[in-house]
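# What the coordinates show
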Amino acid sequence: MATPIISVSNLVKDYDQFRAVKGISFEVYEGEIFGLLGPNGAGKSTTLEIIETLREKTSGDVVVGGYNLDREPDAIKGIIGVQLQASGYYPGLNLLQLVDLFAGLYNQRVHAMDLLRTVNLEEKARAKFKDLSGGQKQRFSVATTLINKPRVVFLDEPTTGLDPQARRNLWELIRKINAEGTTVIITTHYMDEAEYLCNRIAIIDSGEIVALDTPDQLIDNLVATGFERSKEVKKANLEDVFIQLTGKHLRED
Ligand SMILES: Nc1ncnc2c1ncn2[C@@H]1O[C@H](COP(=O)(O)OP(=O)(O)OP(=O)(O)O)[C@@H](O)[C@H]1O
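Now for a quick tour of the structure. For clarity, every value in this text was computed on a predicted model and none was experimentally measured.

## With respect to the pattern of salt bridges
The full count for this structure, using the stated rule, is 12 salt bridges. R200 is the salt-bridge partner of E32, the closest N and O atoms lying 2.9 Å from each other. Of this pair, E32 sits in the loop between β2 (18–29) and β3 (33–37) while R200 sits in strand β9 (residues 200–205), and the two are 168 residues apart along the sequence. Exposure class is identical for E32 and R200. Each is buried. Counted as one network, the salt bridges with shared partners bring together D114, R117 and E122.

## Side note on the packing of aromatic side chains
Scanning the model with the defined rule gives 3 aromatic pairs in all. Judged by centre distance (5.6 Å) and plane angle (5 degrees), the ring pair of F26 and F34 falls under stacked. Judged by relative accessible area, which is 0%, F34 ranks as buried. The ring of Y196 is capped by R175, whose NZ or CZ atom sits 4.0 Å from the centre of that ring. One residue, R200, lies across the ring of Y29, its end atom 3.9 Å from the ring centre.

## A look at the side chain of K57
If you trace the backbone, K57 turns up in the loop between α1 (44–51) and β4 (59–64). Within polar-contact distance, the side chain of K57 engages the backbone oxygen of G60 at 3.0 Å. Among the polar contacts listed, one links the side chain of K57 to the side chain of D70, at a separation of 2.8 Å. Not counting residues up to four positions away in its chain, the partners in contact with K57 are L11, V12, K13, I50, L69 and D70.

Calculation rules
Residue positions are given per chain, counted from 1 along the sequence in the order it is written. In view of the model being predicted, local features appear only for residues whose pLDDT reaches at least 70, and side-chain atom pairs are presented and counted only at 80 or more, with totals across whole chains, interfaces and linings using the full set of residues. The basis for every side-chain value is the complete set of heavy atoms in the structure, and neither hydrogens nor water enter the calculation. Any Lys or Arg side-chain nitrogen found within 4 Å of a carboxyl oxygen on Asp or Glu counts as a salt bridge. Helix and strand assignments follow DSSP, with helices taken as H or I runs no shorter than four residues and strands as E runs no shorter than two, numbered in order from the N terminus. Here's how the labels work: a residue is buried when its accessible area is under 20% of the maximum for its type, exposed when over 50%, partly exposed in between, all with a 1.4 Å probe on protein chains only. Each pair of aromatic rings taken from Phe, Tyr and Trp, with Trp reduced to its six-membered ring, is defined by centres within 6.5 Å and is described as stacked if the planes are under 30 degrees apart, edge-to-face if over 60, and tilted in the remaining cases. Charge over a ring is defined by NZ of Lys or CZ of Arg lying within 6 Å of the ring centre and within 35 degrees of the ring normal. Any pair of nitrogen or oxygen atoms within 3.5 Å is treated as a polar contact; in protein, a donor-acceptor pairing is required on top of that, and neighbouring residues in sequence qualify only through side-chain atoms on both sides. The criterion used for residue contact is that any of the two residues' heavy atoms lie within 4.5 Å.

These figures capture arrangement, not role.
The following block contains the structure:
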């Protein structure tokens, strides 16, 4: 039996007169990679920010790791890792110094070089954040989510803007973090990414969950309605061609 690490019940968020999240309920199981998908403005970030304790809800219940959001938000903060938007890093510090700074803020003892090795940034340890490539920046921001040894990490569109090599490299990093026991919640606009990474997916549209299941089951449900792709599916796609021609290695390293 899967154990829920996050339970959301009847969550509502109003921005003045506008109801952005309309009473959604879902559970995220311990140890899974859970995808929250939906078009722009569907309410993904609002939902995640509420669970992350960063935004007030209007009503509903949220429990993370057994802690109720209304009563123990600080306990929730202690067991989650949240990817910060890139602009938040002090420009004068190198990566090692940034990790040490965050570790201090979290009151954690962290071996900064080991952490950078985890995300394949050992050779950039003395570089400034602004001098990293897009993929390296994303890997560093994933590393910062791990500093407090969280039980759950939240990744908001972590591969947006990356080239196919860097994207696949980040997928492997996310799988590695998950395989080491961390539950992952991810938002993405890339369906192949969701299909590759996620154990289960919730699709949210206009503030409501319209489907929640494994990627396989969601596809099977659609096929069972008689849906068929108009074009025959080939054994490879254009991304496979790109990777085949340009290699799997990261250009930036
Ligand atoms: N601070 C705010 N004040 C008013 N309305 C807001 C605020 N933040 C978000 N909204 C609105 O709430 C809705 C949901 O926004 P949200 O950012 O949660 O969507 P999203 O699914 O994360 O979208 P995206 O894929 O574009 O990131 C949108 O209509 C948005 O305009």
